[in-house]
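Chain by chain, the residues:
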Amino acid sequence: MAVNDLADEFRENSDEFFNEYDFRHRFFCKMYPEFKNLIHPEYPTRKRFIKEEASGEKYISGKNCFEPEIKKGIRDKYALAVFKEEIYNKHKNELSPWNRLSNTDLDIKDIYIDFAFEFKYITSGNISVIREIEFDIFKLKEAAEAGNKYLIIFINKIFGDEGFKQIIEPLNEFKKNEKVVNVLIFSK
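From a predicted model like this one, the values you see are computed outputs, not experimental measurements.

Trainee: I'd love a proper account of the environment of Pro68, names of residues and values included.
Mentor: Take Pro68: it is sitting in the loop between strand S2 (65-66) and strand S3 (74-83). Counting along the chain gives 23 residues from Pro68 to Thr45, while the straight-line C-alpha distance between them is 9.1 Å.

Printed below as a string of structure tokens:
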């Protein structure tokens, strides 16, 4: 319901959204009454990532993604993460800003994130956004700690034929072919 509410809000008042943080903030506010301390913005991934800019290459484990104990790359972040309540309650006394559930020293191998969300806001025809989306999908696919994975894309641009081929067609392919990540696309 929160996703649909946010999409409706965007369609009705698209001029009020300037960047991805606007979407994240409003989504957090919609989710907070239900999830309270279980929802966390900018929550770190368990695995480490190297985000290369080589066009055309696919992101792959072992080259772009590493287990936490391998000190390559950096931990990335999910836009929002919603913890599983039973795991959060079991470990909440161990948590601080420096000791998160994603830390390896807590030795939690199960799914501890019920929902992981990423957002993209497309306001131009810059093709680099497709590479960013590919990385977000890769990151979410690699998230063994997350049960439900969502990439929510908002489009605030009208595309001509070239933009349609460069941006919209790949987005529709992601949505159609992706089996692990729920790709949702909304336009004004």
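Trainee: I'd like a description of the layout of surface pockets, backed by residues and values.
Mentor: By volume, the largest pocket amounts to about 190 Å³. Ranked by residues supplied to the lining of the largest pocket, first place goes to helix H4 (residues 128-141) with five residues.

Trainee: An account of helix H5 (residues 161-177) is needed here, citing residue identities and associated values.
Mentor: Helix length check: H5, at 17 residues, gives a terminal C-alpha distance of 22 Å against a target of 24 Å (1.5 Å per residue), a fit within 8%. At Ile168, H5 shows its largest kink, close to 30 degrees, and the proline Pro170 lies no more than four residues downstream. Every buried residue belonging to H5 is among Gly163, Ile167, Ile168, Leu171 and Phe174, and all of these are buried. Close packing links the buried residues of H5 with strand S4 (113-122), H4, strand S5 (146-155) and strand S6 (182-187).

Trainee: Kindly report on helix H1 (residues 2-12), identifying the contributing residues and their values.
Mentor: All of the buried residues in H1 are Ala2, Val3, Leu6, Ala7 and Phe10. One side of H1 carries all its buried residues, which in axial view fall inside an arc of 135 degrees. The inward-facing, buried residues of H1 abut helix H2 (20-35), S4, S5 and S6.

Trainee: Can you tell me about the pairing of S3, naming the residues and giving the values?
Mentor: Where strand S1 (residues 39-49) lies against S3, seven bridges are found, and the strand directions are antiparallel. Bridge pairing in S3 places Phe49 opposite Ile74. Across four bridges, the pairing between S3 and S4 is antiparallel. Across the sheet, Val82 pairs through a bridge with Phe115, a residue of S4.

Trainee: Provide a residue-level description of the packing of aromatic side chains, including the pertinent values.
Mentor: A complete count under the given rule lists 21 aromatic pairs for this structure. Geometrically, the ring pair formed by Phe17 and Phe23 is stacked, given 4.4 Å between the ring centres and 20 degrees between the ring planes. Through a chain of ring-to-ring contacts, the aromatic side chains of Phe10, Phe17, Phe23, Tyr121, Phe154 and Phe186 assemble into a single cluster. Cation over ring: Arg26 sits above Phe17, and NZ or CZ is 4.4 Å from the ring centre. Its guanidinium or amino end placed over the ring of Tyr59, Arg131 lies 4.1 Å from that ring's centre, counting from NZ or CZ.

Trainee: An account of the side chain of Asn156 is requested, with residue identities and associated values reported.
Mentor: Looking at the element boundaries, Asn156 is found in the loop between S5 and H5. A residue is classified by how much of its surface remains accessible, and Asn156, at 17% relative accessible area, is buried. Within the structure, the side chain of Asn156 is placed 3.2 Å from the side chain of Lys188, a separation counted as a polar contact. Not counting chain neighbours up to four residues away, the residues in contact with Asn156 comprise Phe10, Ser14, Tyr121, Ile122, Thr123 and Lys188.

Trainee: Residue-level account of the packing of H1 against H2, with values.
Mentor: In the contact formed by H1 and H2, the axes pass within 10 Å of each other and the chain directions differ by 135 degrees. The pairing of H1 with H2 is recorded here as oblique in orientation. Relative to H2, H1 is oriented so that their crossing is right-handed. Taking contact as the criterion, the partners of Ala2, Val3, Asp5, Leu6, Glu9 and Phe10 in H1 are, on H2, Phe23, Arg26, Phe27, Lys30 and Met31. Broken down by class, the residue content of the contact of H1 with H2 amounts to seven nonpolar, no polar and four charged.

Trainee: Talk me through the pattern of salt bridges; I want residue IDs and the actual numbers.
Mentor: The tally for this structure, following the rule as stated, stands at 18 salt bridges. Note that Glu20 is salt-bridged to Arg24, the shortest N-O span being 3.5 Å. With Glu20 and Arg24 both in helix H2 and four residues apart, this pair spans about one turn of that helix. The two residues Glu20 and Arg24 agree in class, both being buried. With a shortest N-O distance of 3.5 Å, Glu67 and Lys47 are connected by a salt bridge. Here the residue Glu67 occupies a position in the loop between S2 and S3, and Lys47 occupies one in strand S1, the gap between them amounting to 20 residues. With relative accessibility at 15%, the residue Lys47 sits in the buried group. Connected via shared salt-bridge partners are Glu20, Arg24, Glu42, Asp76, Glu118, Lys120, Glu132, Asp136 and Lys139.

The rules behind these values
- Residues numbered from 1 in each chain as written.
- Predicted model: local features only at pLDDT ≥ 70, side-chain atom pairs only at ≥ 80, totals over all residues.
- Heavy atoms only, no water.
- Helix = DSSP H or I, 4+ residues; strand = E, 2+ residues; numbered from the N terminus.
- 1 Å grid on protein atoms, 1.4 Å probe; cavity = no way out; pocket = protein on both sides within 12 Å on 5 of 7 lines; lining within 4 Å.
- Points joined across faces, edges and corners; volume = space filled by probe spheres on them.
- Expected span 1.5 Å × (residues − 1).
- Bend = angle between axes of the 7 residues up to and from the residue.
- Buried < 20%, exposed > 50% of the residue type's maximum accessible area, 1.4 Å probe, protein only.
- Contact = heavy atoms within 4.5 Å.
- Arc of directions from axis to C-beta.
- Pairing = 2+ DSSP bridges.
- Phe/Tyr/Trp six-rings, centres within 6.5 Å; stacked < 30°, edge-to-face > 60°.
- Lys NZ or Arg CZ within 6 Å of the ring centre and 35° of its normal.
- Polar contact = N/O pair within 3.5 Å; in protein donor to acceptor, adjacent residues only side chain to side chain.
- Axes fitted to C-alpha atoms, helices over the stretch in contact; angles between N-to-C directions.
- Parallel < 35°, antiparallel > 145°, perpendicular 65-115°, else oblique.
- Left-handed = near helix turned anticlockwise from the far one by under 90°.
- Nonpolar A, V, L, I, M, F, W, Y, C, P; charged D, E, K, R; others polar.
- Salt bridge = Lys/Arg side-chain N within 4 Å of Asp/Glu carboxyl O.

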